[in-house]
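# Analysis of the macromolecular model
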Amino acid sequence: MEPSKSSTQYLKLYMHDQCILMPLHQVQLVLRLPALQQVPSEAKGFEGILNYHGAHVPVYSLGAWLGDELPEYTLDTPLVLCQCDDSLMGLLVAGVTDVIDVPSNKIQKPKLADLPAFVHGAYSSEHETMWVIQLDKLIDFSQLNHANNPSMRESL
């Protein structure tokens, strides 16, 4: 499905009862939850490190940023491998369902001041309302560059 010039493709995913749209151009791939290396961290939602083709990729629970209870992870839990700038990160989500094409003029800007900074807006279809998120506002990606530098790898 090719998006029109005035629309964007999004990966549609779920966290409990919330539907989230993530820009598809930032998604590398979706895979089942592999084994994660546990390392000490106080970062919000941090779940561990994924060894992805020799790169150490930090993995977070999207639910932690949404204020959801953390789900019980199984081998079928989807891990969305995302890229922003030159950094990779993994996001654990409850489910991934579809890729949808959203007209840019249909995204409503948030009106609530207390919404997290990473919420770009909302899109309403016939059946549901979906939050549109911006990955670059979700986490400081400059911190993730440390996961790919040699001294960080040696500490893992």
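Small disclaimer: the values here were computed from a predicted structure and weren't measured.

What counts as what
- Residues numbered from 1 in each chain as written.
- Predicted model: local features only at pLDDT ≥ 70, side-chain atom pairs only at ≥ 80, totals over all residues.
- Heavy atoms only, no water.
- Helix = DSSP H or I, 4+ residues; strand = E, 2+ residues; numbered from the N terminus.
- Buried < 20%, exposed > 50% of the residue type's maximum accessible area, 1.4 Å probe, protein only.
- Contact = heavy atoms within 4.5 Å.
- Areas by Shrake-Rupley, 256 points an atom, 1.4 Å probe, with all protein chains shown as cover.
- Core = buried A, V, L, I, M, F, W, Y, C linked by side-chain atoms within 4.5 Å.
- Pairing = 2+ DSSP bridges.
- Axes fitted to C-alpha atoms, helices over the stretch in contact; angles between N-to-C directions.

Before going further, it helps to spend a moment on the overall build of the protein. What the protein contains, in helices and strands, is four helices and 10 strands. Written out in order from the N terminus, the α and β elements of the protein read β-β-β-β-β-α-β-β-β-β-β-α-α-α. Out of the 156 residues belonging to the protein, those deemed buried represent 44%. A fraction of 58% describes how many contacts in the protein between residues 6 or more apart in sequence connect residues 24 or more apart. As displayed, the protein offers around 8,900 Å² of accessible surface, 49% of which is attributable to carbon and sulfur atoms.

Here the focus is the side chain of Lys 12. If you trace the backbone, Lys 12 turns up in strand 1 (residues 7–15). Among all residues touching Lys 12, those that are not within four sequence positions of it are Cys 19, Ile 20, Leu 21, Val 96, Thr 97, Asp 98, Ile 100, Glu 128 and Met 130.

Here we take up the nonpolar core. One finds Leu 13, Met 22, Leu 62, Val 80, Leu 91, Leu 135 and Leu 138 to be the most contacted residues of the largest nonpolar core, which totals 22 residues. Breaking this core down by element, the ones donating at least two residues are strand 1, strand 2 (18–23), strand 4 (46–52), helix 1 (62–66), strand 6 (78–84), strand 7 (87–92) and helix 2 (135–138). Counting 10 residues, the second largest nonpolar core, distinct from the first, contains Leu 33, Val 59, Leu 79 and Leu 92.

The subject of this paragraph is unusual backbone geometry. With a phi close to 50°, His 53 is a non-glycine residue in the positive phi region. For His 53, the position within the fold is in the loop between strand 4 and strand 5 (55–61).

Pairing is mixed in the open sheet, where five strands are placed in the order 8-1-2-10-9. Each end of this open sheet is capped by a strand with a single partner; those strands are strand 8 (95–103) and strand 9 (119–124). Each neighbouring strand pair of the sheet contributes to a mean axis angle of 35°, computed without reference to strand direction.

Further remarks concern the sheet that holds strand 6. Read across the open sheet, the five strands follow the order 3-6-7-5-4; overall the sheet is mixed. If you trace the sheet from one side to the other, it starts and ends with strand 3 (27–32) and strand 4, each paired once. Averaged over neighbouring strand pairs, the angle between their axes works out to 30° when direction is ignored.

We now examine the pairing of strand 5. Strand residues, when the strand is regular, have side chains that alternate between the two faces of the sheet. When you tally the buried positions in strand 5, you get seven out of seven residues, the bulk of the element. In terms of strand pairing, strand 4 meets strand 5 through six bridges, oriented antiparallel. Within strand 5, the residue paired with Ile 49 across the bridge is Pro 58. What sits between strand 4 and strand 5 in their antiparallel hairpin is a turn of two residues, with His 53 showing a positive phi close to 50°. Pairing of strand 5 with strand 7 involves three bridges; the strand directions are parallel. The residue of strand 7 that forms the bridge with Tyr 60 is Leu 91.

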